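# Structure at a glance
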Amino acid sequence: MAEVVAAEKIRWLPVPRVQQLASQQLETVPVMYVMDDIHDIIITVDPNQSLCVPLIDMTKLENPESQAMEVYKLHSACKEWGIFQLINHGVSDESLRNMRKKVKEFFELPLTEKEGWAQKPGSSEGYGQLFVTSEHQKLPWNDMVFLKVIPFESTKFEFWPAKPHQFRETLVSYIEGMREVTVSIMKYMAMGLKIIDEEFYETYKEGTYDMRMNLYPACPEPEKAIGIHPHIDVHGITLLLECADSPQIPGLHVLKDSHWVFVQPIEGALVVDIGGIMEIMSNGIYKAPLHRAVVNKTKERLSIVTVCNPSPSLSIGPAKELTMSGSPALYKSVTIEEYFECFYSSKYGIPFIDRLKI
Ligand SMILES: O=C(O)CCC(=O)C(=O)O
Ligand SMILES: [Fe+2]
């Protein structure tokens, strides 16, 4: 029986700030950032750059005349890629711009100020790094701020940067927009899956929403380091906003047909990524894709990631309507706590979701 570990019981190890290292004009990356297996020969970057992550237009989903076609596109994107770019999502340009500006300004603060909101032992929130649990682990070339934002009642403001001015207000208004996008896109995914039960998407109104703000400083040897290790997202869905000055440099790679494919930034778009919860709820019809972030020799990159989960009271298992018609349930149904315990107690590299397969 695997040891059951809750997120807050994990000892996340403090790590150096990559931004500090990068400012020292190093010629090589320190050994703890050198990945041994990064360029394995089986998985290479798409040689012809011919594959392109699907594009979904929310206004076409909403328009009765184009809806059927766009829902079909969305359904295919979730089945075949597990990731797509969403345009015309309804979140104002102003909200996106403000959020990017505040995150950029936060990372531009002097280190001593940023440390005021550093992670503390026993908490995953704050300025620092996640998923580092061993001194021997190779580190990602990334600094982040991780915050649990919704429900607002349990907010731990001690980890919320009070600088730059209005950071908190901007974040709250931004995440409200992300919640609306999540509920809408889930509604159209339900249509694609032919699920009538409204709980499939209504549950995201009562869901939990966390944010990861990622900084990937310029890296002296980008081919040796990694911004974020290959992983699948554990949550329902993830909404990623690119944040670099234009022209935006791509950094997110998704695995498709054994190749890493760049997600080419589109101004104002949100990248929507299917997480493990959604893979299970769709009974494996939708796929949580493996993805990673790579780094650049001269340019830093910022990404703002919102992770969206259903209501904590929802049982995580294949939607009933998908298994009633004779298709067997491919995954067990578990509570959300059991689901996350399964994730946190999985060894690095073992796809945790497989442990929930029947
Ligand atoms: O920044 C990126 O491109 C990827 C971030 C990511 O995958 C994550 O935060 O889960
Ligand atoms: Fe991710």
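Residues numbered from 1 in each chain as written. Chains lettered and ligands numbered in written order. Predicted model: local features only at pLDDT ≥ 70, side-chain atom pairs only at ≥ 80, totals over all residues. Heavy atoms only, no water.

## Some remarks on the packing of helix 3 (residues 67–80) against helix 6 (residues 167–193)
Two packed helices can be described by the angle between their axes and the distance between those axes. The interhelical angle for the contact between helix 3 and helix 6, taken along N-to-C directions, is 90°, at an axis separation of 9 Å. On the basis of their axis angle, the class for helix 3 and helix 6 is roughly perpendicular. Contacts between helix 3 and helix 6 pair Q67, V71, L74, H75 and C78 from the former with I185, Y188, M189, M191, G192 and L193 from the latter. Within the contact of helix 3 with helix 6, the residues separate by chemical class into 8 nonpolar, 3 polar and no charged. (Axes fitted to C-alpha atoms, helices over the stretch in contact; angles between N-to-C directions. Helix = DSSP H or I, 4+ residues; strand = E, 2+ residues; numbered from the N terminus. Parallel < 35°, antiparallel > 145°, perpendicular 65-115°, else oblique. Contact = heavy atoms within 4.5 Å. Nonpolar A, V, L, I, M, F, W, Y, C, P; charged D, E, K, R; others polar.)

## Structural notes on the packing of aromatic side chains
Counted under the stated rule, the structure contains 11 aromatic pairs. With 5.7 Å between their ring centres and 80° between their planes, F106 and Y127 make a pair best called edge-to-face. Of this pair, F106 sits in helix 4 (residues 93–108) while Y127 is found in strand 4 (residues 126–128), placing the two residues 21 residues apart along the sequence. Of the two residues examined, F106 and Y127, each falls in the buried class. Each residue in the set F106, F107, W117, Y127 and F167 is aromatic and connected to the rest through ring pairs, giving one cluster. Over the ring of Y127 we find R17, and its NZ or CZ is 4.5 Å from the ring centre. The ring centre of W81 lies 5.2 Å from the NZ or CZ of K256, which sits over that ring. (Phe/Tyr/Trp six-rings, centres within 6.5 Å; stacked < 30°, edge-to-face > 60°. Buried < 20%, exposed > 50% of the residue type's maximum accessible area, 1.4 Å probe, protein only. Lys NZ or Arg CZ within 6 Å of the ring centre and 35° of its normal.)

## Topic: the pairing of strand 11 (residues 270–274)
Of all 5 residues in strand 11, 5 are buried, a share of seventy percent or more. What you see with strand 11 is no split at all: L270, V272 and I274 on one side and V271 and D273 on the other are buried throughout. Note: strand 3 (residues 83–87) against strand 11, 4 bridges, orientation antiparallel. In the strand pairing of strand 11, F84 is matched with V272. Sheet topology places strand 8 (residues 237–242) next to strand 11; 4 bridges connect them, and they run antiparallel. Bridge assignment links L240 to a residue of strand 11, and that residue is V271. (Pairing = 2+ DSSP bridges.)

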